[in-house]
Protein chains: 2
Amino acid sequence: MPQHFHVNTPLLESVSMSKMAGTAVYLKMENCQPSGSFKIRGVGHLCQQLASRSKGVVCSSGGNAGMAAAYVARKMGLPATVVVPSSTPPLVVRRLQEQGAAVKVAGKVWDDANAEALRLAETEQLTFVPPFDHPLLWEGHASVVAEAAAALGPGARPGAVLLSVGGGGLLCGVVRGLKDAGWADVPVIAMETVGADCFNAAIKAGELVTLDDITSEAKCLGAKTVCRRAFELSQSGEATIISELVTDQEALRAVQMFLGQ
Amino acid sequence: MPQHFHVNTPLLESVSMSKMAGTAVYLKMENCQPSGSFKIRGVGHLCQQLASRSKGVVCSSGGNAGMAAAYVARKMGLPATVVVPSSTPPLVVRRLQEQGAAVKVAGKVWDDANAEALRLAETEQLTFVPPFDHPLLWEGHASVVAEAAAALGPGARPGAVLLSVGGGGLLCGVVRGLKDAGWADVPVIAMETVGADCFNAAIKAGELVTLDDITSEAKCLGAKTVCRRAFELSQSGEATIISELVTDQEALRAVQMFLGQ
């Protein structure tokens, strides 16, 4: 069995949310991952498959995917380069550097940084780590469902799985994990904030849509276009996916409710 | 194997603390326990051993031990009573009630509440759950070291284990866990805040000392007298225990450093 970089995070029941929902609500504590988010599952898996004989990795995310790439590369003994746009806060740059990554600033928006990351991957022969759109990422993310199933024990079956969508990588991974767990018919509630709602926009339009801008506060979590696979899953009937929107304020209140528990 | 109530929490390396210390610093994420702290390890074990045929449990802690007792009792299908002094904040009372506990207010300080809890245990035939001074608690707490050893893998050996001391229950449990792991000679650094320093005071005096008052901000974590076993461990040479004090401000800065990571 290959070593992996993520940890098996606790699955905790939220008393206050269970009371509000009228049924047991469990939280998968992915904030406890070494890189701070679930992204390490897919990024770790992808790097193990693609980067073991690489000269290094390059990623264009200043968010959780970039942190995961920096962490995984450090553990693999590989150099990591994270390309970010000039709008990236200094704190984010410092954290990436603390994880041992070289941070390169290129352009004003993410698309510029991503173009530079792709160029570096080509010219420097580095392994490109996409933030959400790759089957190996989804394969890695699927482990979150396997762990939850093991924690709930045999015979348990969730009524629904709720997750957030940025570019759709977690959604694709969870759908895969549900299939593997024999839970293919468990509905997935895909949450987005208004202004970072590329998945919802695609479903409404019946085709992939590119947002003009991310106007939600969830800037570094948002993607302008959802990955094609996520959109296809919503159309194909392979999975039951319910797309829901909340405002930034509603999302913030939910976080506060959890922290106040 | 008996069911237990705690979860195997992640062991995470803190990049910023490792950099500062010049050696790898790992954090055992006990904040992810279902009841919010490590106390569930010992309280769960004690209740399994003593309360399975009980009419209910009673505890006198408005802090983490009370939350653990309420949680464990709920999972065991037993009524829980938590007796707290009138100085207890309403938020604490509400959280205990959310965990299904009956909260009884008795007296002005913890000693009054504890006397009432002991009286209830006697007259109502309830299982008394002490917050820190019981061998079954220490036996349960020892599991935290076993998990850390498993996470570090064979051959690894910590240079030191750092923990905080309130009444000394975690200290007794960790010393036991270190012995079980073959790490009996690993030094334990026992941290207290100034004004909640009953362990340090006992070491200085060469005997158990009862503090006049808890003057640290860490009110519900402090005990006026450390448990006898913790003091004996520091004197007997069974373990290498280094007692250290920090101010509330220094402790707060350490927490902020972690959160800022």
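Now for a quick tour of the structure. (Residues numbered from 1 in each chain as written. Chains lettered and ligands numbered in written order. Predicted model: local features only at pLDDT ≥ 70, side-chain atom pairs only at ≥ 80, totals over all residues. Heavy atoms only, no water.)

A few words on the sheet that holds strand β4 (residues 80-84) of chain A. Residues and elements named next belong to chain A. With parallel pairing, the four strands of this open sheet are ordered in space as β5-β4-β3-β6. Sheet topology places β5 (102-105) and β6 (127-129) at the edges, where each strand pairs with a single neighbour. Direction aside, the axes of adjacent strands within the sheet are offset by 25° on average. In the sheet, strand β3 (residues 57-59) pairs with β4 via three bridges, with the strands oriented parallel. Looking at β4, one finds that V57 is bridged to A80. Most of the contacts of helix α3 (residues 64-76) go to β3, to which it runs at about 170°, and overall it touches β3, β4 and β6. (Pairing = 2+ DSSP bridges. Helix = DSSP H or I, 4+ residues; strand = E, 2+ residues; numbered from the N terminus. Axes fitted to C-alpha atoms, helices over the stretch in contact; angles between N-to-C directions. Contact = heavy atoms within 4.5 Å.)

Taken together, the contact pairs 21 residues of chain B with 20 residues of chain A. For the pair chain B and chain A, the summed buried surface comes to about 1,500 Å²; carbon and sulfur atoms form 55% of the total. A per-residue breakdown of the area chain B buries against chain A is headed by V15(B), C32(B) and E98(B), which together make up 31% of the total. At the junction of chain B with chain A, the criterion picks out two salt bridges. Where chain B touches chain A, the interface holds zero residue pairs in polar contact (both at pLDDT 80 or more). For the side of chain B that touches chain A, the secondary-structure elements that each account for two or more residues are β1 (11-13), α1 (15-21), α3 (64-76) and α4 (90-98) of chain B. (Buried area = accessible area lost by both parts, 1.4 Å probe. Salt bridge = Lys/Arg side-chain N within 4 Å of Asp/Glu carboxyl O. Polar contact = N/O pair within 3.5 Å; in protein donor to acceptor, adjacent residues only side chain to side chain.)

On to the sheet that holds strand β6 (residues 127-129) of chain B. All names here are of chain B. With parallel pairing, four strands are arranged side by side in an open sheet as β5-β4-β3-β6. Each edge of the open sheet carries a strand with a single partner, namely β5 (102-105) and β6. Direction aside, the axes of adjacent strands within the sheet are offset by 25° on average. Direction of pairing for strand β4 (residues 80-84) relative to β5: parallel, over a ladder of four bridges. Note that in β5 the partner of T81 across the bridge is A102.

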